[in-house]
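Spelled out, the chains give:
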Amino acid sequence: MQQLGYVAIIAEDLGVITTDVNELRKAIGAPGMVVLLFAWGSGASNTHIPHNHYENSVCYPGVLSSFKYNQLALSGKCGMQQSSS
């Protein structure tokens, strides 16, 4: 097998991440990602909550679908309501 040498990549580890996926990411030294938009509403152990961010991760405020999510949230179609303040 040929060696690639240094390759700057970030593992897009969103969705259902299994132990073997995390082990592979760590083995190749690729940083994972956390997304602030996903941080609230699913419990204290959520990886995306800032105090749970892990070493060698990149934090994004949102993802490509964030705009659509915000449109739905403001329209009331996803169970969220716009703040009056």
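Counting of residues starts from 1 at the beginning of each chain's written sequence and follows it residue by residue. Local features in a predicted model are, by the rule used here, given only for residues with pLDDT of at least 70; side-chain atom pairs are given and counted only at 80 or more, and totals for whole chains, interfaces and linings are based on all residues. Only hydrogens and water are set aside when side-chain values are computed; all heavy atoms of the structure are taken into account.

Student: Explain the environment of L14 to me, please; I cannot follow it from the model alone.
Tutor: Looking at the secondary structure, you find L14 in the segment before α1 (19–28). A residue is classified by how much of its surface remains accessible, and L14, at 26% relative accessible area, is partly exposed. Measuring from C-alpha to C-alpha, the distance between L14 and G32 comes to 8.9 Å, with 18 residues separating the pair along the chain. Beyond its immediate chain neighbours, meaning those up to four positions away, L14 contacts M33, V35, F38, H48 and V63. Counting from the N terminus, the helices are the DSSP runs of H or I reaching at least four residues and the strands are the DSSP runs of E reaching at least two. The buried label goes to any residue with under 20% of its type's maximum accessible area, the exposed label to any with over 50%, and the partly exposed label to all in between, with areas taken from a 1.4 Å probe on protein chains only. A contact between two residues is defined here by any heavy atoms of the two lying within 4.5 Å.

Student: I'm lost on a nonpolar patch on the surface in this one. Help?
Tutor: Surface patches are defined over residues having more than 30% relative accessible area and no salt bridge, joining like charges when they lie within 9 Å and nonpolar side chains (Val, Leu, Ile, Met, Phe, Trp, Tyr) when within 5 Å. Note on areas: Shrake-Rupley, 1.4 Å probe, and residue coverage restricted to the protein chains presented here. Each salt bridge in this description consists of a side-chain nitrogen of Lys or Arg and a carboxyl oxygen of Asp or Glu lying within 4 Å of one another. Together, L4, V7, I9, L24 and I28 make up an exposed nonpolar region whose accessible area comes to about 530 Å². As for its placement among the helices and strands, I28 is situated in helix α1.

Student: Sorry if this is basic, but what is going on with the confidence of the model for the chain here?
Tutor: The predictor attaches a confidence to each residue, called pLDDT, with possible values from 0 through 100. Across the chain, the average pLDDT comes to 76, with 72% of residues at or above 70. The weakest mean pLDDT in the chain belongs to helix α2 (residues 66–75) at 62; the strongest belongs to strand β2 (residues 57–60) at 89. Below pLDDT 50 for its whole length, residues 80–85 participates in three contacts with residues either more than four positions away or in separate chains.

Student: So what exactly am I meant to see when it comes to the pairing of strand β1 (residues 32–35) here?
Tutor: Looking along a regular strand, one sees the side chains alternate between the two faces of the sheet. Alternating positions in β1 separate into two faces, G32 and V34 on one and M33 and V35 on the other, with burial throughout. Pairing between two strands is assigned when DSSP locates at least 2 bridges connecting them. When β1 meets β2, the two strands line up parallel, connected through four bridges. Of the residues in β2, the one forming a bridge with G32 is S57.

Student: How should I be thinking about the environment of R25 in this particular structure?
Tutor: Summarising the element assignment, R25 is placed in helix α1. Residue classification places R25 among the buried positions, given a relative accessible area of 7%. A sequence separation of 14 residues divides R25 from A11, and the C-alpha atoms of the two residues are 6.9 Å apart.

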